[in-house]
Protein chains: 4
Amino acid sequence: MKNTGPKAKKKLTAKGQSRKKELLEKALDLFGEKGYHATTIDDIVKAGATGKGTFYWYWQSKDEIFLELLSNKFESYISALENIQKMKIPTTDKLIMLFTEIGNMLIKYRKLCKLIYLLISANSDEFNADVLKATNDYYSRFRKILIQFIQEGQKEGSISRDVDAQHLATIFISIVDGLLLQEKVMNTNYLHPKMGETLITVLRKGIMIQPA
Amino acid sequence: MKNTGPKAKKKLTAKGQSRKKELLEKALDLFGEKGYHATTIDDIVKAGATGKGTFYWYWQSKDEIFLELLSNKFESYISALENIQKMKIPTTDKLIMLFTEIGNMLIKYRKLCKLIYLLISANSDEFNADVLKATNDYYSRFRKILIQFIQEGQKEGSISRDVDAQHLATIFISIVDGLLLQEKVMNTNYLHPKMGETLITVLRKGIMIQPA
Amino acid sequence: MKNTGPKAKKKLTAKGQSRKKELLEKALDLFGEKGYHATTIDDIVKAGATGKGTFYWYWQSKDEIFLELLSNKFESYISALENIQKMKIPTTDKLIMLFTEIGNMLIKYRKLCKLIYLLISANSDEFNADVLKATNDYYSRFRKILIQFIQEGQKEGSISRDVDAQHLATIFISIVDGLLLQEKVMNTNYLHPKMGETLITVLRKGIMIQPA
Amino acid sequence: MKNTGPKAKKKLTAKGQSRKKELLEKALDLFGEKGYHATTIDDIVKAGATGKGTFYWYWQSKDEIFLELLSNKFESYISALENIQKMKIPTTDKLIMLFTEIGNMLIKYRKLCKLIYLLISANSDEFNADVLKATNDYYSRFRKILIQFIQEGQKEGSISRDVDAQHLATIFISIVDGLLLQEKVMNTNYLHPKMGETLITVLRKGIMIQPA
DNA sequence: CATGAATGAGTTTTCATTCAT
DNA sequence: CATGAATGAAAACTCATTCAT
């Protein structure tokens, strides 16, 4: 890994912006399909119908584009969840919104999700500190949202106090990540509505306290 | 990938067996720590204090040792679960044994689990059909065990018939995989007893039907 | 051999063209001097004062540059002979032109000729179908030219009908190839004018004196 | 190339002799089929159903077995021709015996002939001085036999004095070598009786018909 | 004499990155 | 800004040769 030092942010023209976006999309597709290592700069610039120099005009390294993809996508993903959390509505309603939103995102950001696996398979030697930090932040914020949600629910009385909020958050995240993982391995689509229903059933009876 | 053609299985001496085992262990460590791509044959042979030729005496390629690791570990992992499934004991007891066993294995086979992430980050272009088939088999057998277990529980009346067995199996696997995934990302240990308790609580109330 | 799949032909700049040509010449020298196996990519790029990556920019493998050398040189060699064959001049004149041209070429394309030995020492396991096909085509076209020439001579009455055209063509080719072969083994130059004179004498009159 | 230094000749047991002979035959086949480089020690010992250590018991290196093959085969080949040359019979009879013997040998020593190509494709960097010297000796002795034969014929009046004996010998050898060469390239059998007849006709009478 | 596991220098090949145009 | 040829460090893989058993 080279060129991890700071570099003046470039002001891009409108055309530059659109080309950069194009390359980002192609890179997202390729990383998701082929993995980080197996995706070469050549693959990306060919998919974007441009030259290598162009790539290095926008990003300093392969790391850098990967980090940008993560940051962009995670940010919009997580901030949407944070917005739900901040809403002043009953926890039960939030529960539904939250899960609906996660479900939507799993479908909408299918490509992003594949990046998660890349991160996991990667290690500190392969990625620079920024990439690792970004991933940690994503998980921390996701956890924080869930923990707050659960604790509110417990305070409110809608979620059982028998369960530890920290652990439950971990289990939630596991389910989300694990589902995507199986999708990739088995090459099938587990994310259909029926699966959501089963999940809701389990959680409803498992952790929700029904008003008498 | 080269040399994927058939090749007579080598008969190894006792010393050869132990050296091969040594290299397998070192490779498992390295793949787990550094990832598949970032682990070089050089890393493996240096860790095993041997020459590159020795590696290629035992395996024909990097793929091949990876496949052997997967096959060996998955086999012992899954067959242990299959044995539990075959036992003629009450489903409730099986439930406990199954989860206990999975928990133990997650700890015992921590290194194996890391291989799962490698698989996920890998893709069909990188790995040969054997590796992909082995992984698929692993998941299929795991799913099959869980589905049988759930269906038995539903027949017996100990597991709610409100949930779809297929989907519930998928969720179970997600939780297991997802937990390991988070461990890796957050570099913490989520697999402590309290986490297990929370999980049991959720599942017990969520899907178990308590005898009146 | 890898990367034998189709790949878009690169458009080379003028400088690129000349550098590629430079490398081709160096490779021709080296293959001729040291043989195919004994010539390493390293040798070629060092001779061309460039990096290994440059080699792989122009060709996908060692095979590929070898095939290109063969194709290029054989093409110009054989097509010159074919042009003579097509001429509307007396067979006797063609005979002289043909042999003169072959003689010139043996000298001019000394390096090419060494490639023939490489081919012969090579076998179907080592070279891909393209290389073998190219060589076969060369010999077939060479034979075809000679057979046509002989048959025309026989029709015209300038060449004896006692000899089989096919066999005679084979013998001609043998002489040409065999001469080069000896040159290499003995490391001397047999291709001087006196040798040509002897050959013409033999063909013209034979060598045996019949008792009266 | 290593171990080219002198080494005490081993006294072999009867069993050792036969095993060595077996390996020599297998090596001859393999070198002929696959070429020198492409034939590995592993190939040879597998074909001989023995271990590598056994190979290195008999020969010090790959070079050494190759040299032994050359020496053995060439010796019996050339000495047979030398014996004909020494006979006190009319040159015309010798001619017939010589060509018959060469023809027989081309068929009998087909495998040996393939070694010639190996030598030619090889170069001084690849083979040690002994191998190169052996080949040179073979050609020199072959030439010497032919030159003596031709000169005797010229003295006797049965061969035209218009041709240079040295050059004619070279042409003879070229034909022999060239025929084998084409056989290999075209993968067909040119060495059938009709070919011999054509060759004899050419040599006897030439091929050109002089206008009256 | 025989075996085959072990070795490592030497080879081919890949690919992130640079830079002249 | 854009291009793509050039680079070389680093990786996978080969195979003649050695040597303990």
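## Focus: the protein's contact with DNA strand F
At step 1: Neighbouring DNA strand F are 42 residues, the closest being Thr50(A), Thr50(C), Thr54(C), Trp57(C) and Tyr58(C).
At step 2: Backbone sugar and phosphate groups make up 64% of those atoms of DNA strand F lying within 4 Å of the protein.
At step 3: The contact in question runs from a phosphate oxygen of DNA strand F to an N or O atom on the backbone of Ile41(B), over 3.1 Å.
At step 4: Contacts to DNA strand F include Trp57(C), whose side-chain N or O atom sits 2.9 Å from a phosphate oxygen.
At step 5: When residues of the surface near DNA strand F are traced back to their parent elements, those giving at least two are α3 (52–58) of chain A, α3 (52–58) of chain B, α3 (52–58) of chain C together with α3 (52–58) of chain D.

## Focus on the pattern of salt bridges
At step 1: In the structure shown here, the tally under the stated rule is 30 salt bridges over all chains.
At step 2: Lys20(A) serves as the salt-bridge partner of Glu68(A), at 3.2 Å between the closest nitrogen and oxygen. One end of the pair, Glu68(A), is in helix α4 (residues 62–86); the other, Lys20(A), is in helix α1 (residues 14–34), and 48 residues separate them in sequence.
At step 3: A salt bridge links Glu82(C) to Arg141(C); the nearest nitrogen and oxygen atoms lie 2.9 Å apart.

## A look at the domain arrangement of chain A
Residues and elements named next belong to chain A.
At step 1: Domain boundaries assigned for chain A yield domain 1 (13–58) and domain 2 (61–207).
At step 2: Domain 1 puts 17 residues into the contact, and the matching count from domain 2 is 18 residues.
At step 3: Of all residues in domain 1, the largest losses of buried area upon contact with domain 2 belong to Leu24, Leu28 and Tyr36, amounting jointly to 42% of the total for that side.
At step 4: Seen at the junction of domain 1 and domain 2, the total is 2 salt bridges.
At step 5: The tally of links between domain 1 and domain 2 comes to 4 residue pairs in polar contact (both at pLDDT 80 or more).
At step 6: Within the residue set of the side of domain 1 that touches domain 2, elements represented by two or more residues are α1 and α3.
At step 7: Counting residues per element, the side of domain 1 that touches domain 2 draws most heavily on α1, at 9 residues.
At step 8: In the side of domain 1 that touches domain 2, the residues fall into 10 nonpolar, 4 polar and 3 charged.

## Details of the protein's contact with DNA strand E
At step 1: Around DNA strand E lies a shell of 40 residues, among which Thr50(B), Thr54(B), Trp57(B), Tyr58(B) and Thr50(D) are the nearest.
At step 2: The sugar-phosphate backbone supplies 61% of the atoms of DNA strand E found within 4 Å of the protein.
At step 3: Within the contact set of DNA strand E, a phosphate oxygen lies 3.3 Å away from a backbone nitrogen or oxygen of Gly51(B).
At step 4: Within the side chain of Tyr58(D), one N or O atom sits 3.1 Å away from a phosphate oxygen of DNA strand E.

## Quick word on the nonpolar core
General note: in soluble globular proteins, nonpolar side chains tend to be found buried as a group.
At step 1: By size, the foremost hydrophobic cluster in this structure holds 118 residues, and its most contacted members are Phe31(D) and Tyr77(D).
At step 2: Setting aside chain neighbours within four positions, we find Tyr77(D) in contact with Ile102(D), Met105(D), Leu106(D), Leu112(D), Tyr138(D) and Val176(D).
At step 3: Within the second largest apolar cluster, 115 residues are counted, among which are Leu24(A), Leu95(B), Phe142(B) and Val163(B).

Basis of the calculations
Residues numbered from 1 in each chain as written. Chains lettered and ligands numbered in written order. Predicted model: local features only at pLDDT ≥ 70, side-chain atom pairs only at ≥ 80, totals over all residues. Heavy atoms only, no water. Near = heavy atom within 4 Å. Polar contact = N/O pair within 3.5 Å; in protein donor to acceptor, adjacent residues only side chain to side chain. Helix = DSSP H or I, 4+ residues; strand = E, 2+ residues; numbered from the N terminus. Salt bridge = Lys/Arg side-chain N within 4 Å of Asp/Glu carboxyl O. Domains from an automatic or database assignment. Contact = heavy atoms within 4.5 Å. Buried area = accessible area lost by both parts, 1.4 Å probe. Nonpolar A, V, L, I, M, F, W, Y, C, P; charged D, E, K, R; others polar. Core = buried A, V, L, I, M, F, W, Y, C linked by side-chain atoms within 4.5 Å. Buried < 20%, exposed > 50% of the residue type's maximum accessible area, 1.4 Å probe, protein only.

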